[in-house]
Amino acid sequence: MAEPDVILEAEQLRVVFFRRDDRYAHRVDVRGATSDNWRPALESLEGEPGEEWPPSPPFQQLHVERRPAGPIVFLIGMAGKTHWSAAGEVAADRKSIKFDVAARVQLAPQRLGSEYFAAADASTASEIVVVESLPSCDGLRIEAACPTQIPATISWNYVLRR
């Protein structure tokens, strides 16, 4: 039996977490003209099993903690010798969704960050505003700063809003 999707929902956008192979991927949807009409905008670019430096963190476990202010999604995973963790939550004003991500690296990373590709209807991707992102030809990329010493714990965060 397939695991149900986990959803963080703000007023005009939502993040849907779902299983893909050995990990959790996620998709960012924007609200359409009617309140129950969601359109895909971005999807996390996942790596392959066994890839040491995937384009997005390889999350193998997901836990939802219900809090009075709203749910928080916690994710953890591992690729190569690197341990990854993240937390995602809807802002108190319900206008954005924030991600805090970290990686504990034992080797100098070849790449480190979170990468997304535009959904089939690429026009919806342009409706998402991401703090601290780098434009990419067909999506977006959030990069972490390179560590000066190894081993190191490197963290990055970003906010999705419409």
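Residues numbered from 1 in each chain as written. Predicted model: local features only at pLDDT ≥ 70, side-chain atom pairs only at ≥ 80, totals over all residues. Heavy atoms only, no water.

(A) Broad picture of the overall build of the protein. When helices and strands are counted, the protein shows zero helices and 13 strands. Along the protein, from the amino end to the carboxyl end, the secondary structure elements read β-β-β-β-β-β-β-β-β-β-β-β-β. Within the protein, the proportion of its 162 residues that are buried is 44%. Contacts spanning at least 24 positions in sequence make up 55% of the contacts within the protein whose residues lie at least 6 apart. About 8,700 Å² of surface is accessible on the protein, with carbon and sulfur atoms providing 51% of the total. (Helix = DSSP H or I, 4+ residues; strand = E, 2+ residues; numbered from the N terminus. Buried < 20%, exposed > 50% of the residue type's maximum accessible area, 1.4 Å probe, protein only. Contact = heavy atoms within 4.5 Å. Areas by Shrake-Rupley, 256 points an atom, 1.4 Å probe, with all protein chains shown as cover.)

(B) Structural context of the pairing of strand 3 (residues 23-31). The buried fraction of strand 3 is high, at eight of nine residues. Count of turn residues in the strand 2 (residues 13-20)/strand 3 antiparallel hairpin: two residues, of which aspartate 21 carries a positive phi of about 55°. In this structure, strand 3 lies alongside strand 4 (residues 38-44), joined through five bridges in antiparallel fashion. In the sheet register, aspartate 29 faces strand 4, and the bridge partner there is proline 40. (Pairing = 2+ DSSP bridges.)

(C) Spatial organisation of the packing of aromatic side chains. Under the counting rule described, the total for this entry stands at four aromatic pairs. A network of ring pairs unites the aromatic residues Phe17, Phe99, Tyr116 and Tyr158 as a single cluster. A cation over an aromatic ring shows up here: arginine 19 above the ring of tyrosine 24, its NZ or CZ 4.6 Å from the ring centre. (Phe/Tyr/Trp six-rings, centres within 6.5 Å; stacked < 30°, edge-to-face > 60°. Lys NZ or Arg CZ within 6 Å of the ring centre and 35° of its normal.)

(D) Just unusual backbone geometry, in detail. A cis amide bond links isoleucine 150 to the next residue, proline 151, at an omega of -5°. Phi is positive for arginine 94, which is not a glycine, with a value near 65°. Mapped onto the secondary structure, arginine 94 falls in the loop between strand 7 (82-90) and strand 8 (96-105). On the accessibility criterion, arginine 94 (39% relative accessible area) is partly exposed.

(E) Structural context of the environment of tyrosine 116. Residue position: tyrosine 116 is located in strand 9 (residues 113-118). Tyrosine 116 sits 70 residues away from glutamate 46 along the chain, and the two C-alpha atoms are 8.5 Å apart. In this structure the side chain of tyrosine 116 is engaged in a polar contact, spanning 2.7 Å, whose partner is the side chain of histidine 26. Within the structure, the side chain of tyrosine 116 is placed 2.6 Å from the side chain of tyrosine 158, a separation counted as a polar contact. (Polar contact = N/O pair within 3.5 Å; in protein donor to acceptor, adjacent residues only side chain to side chain.)

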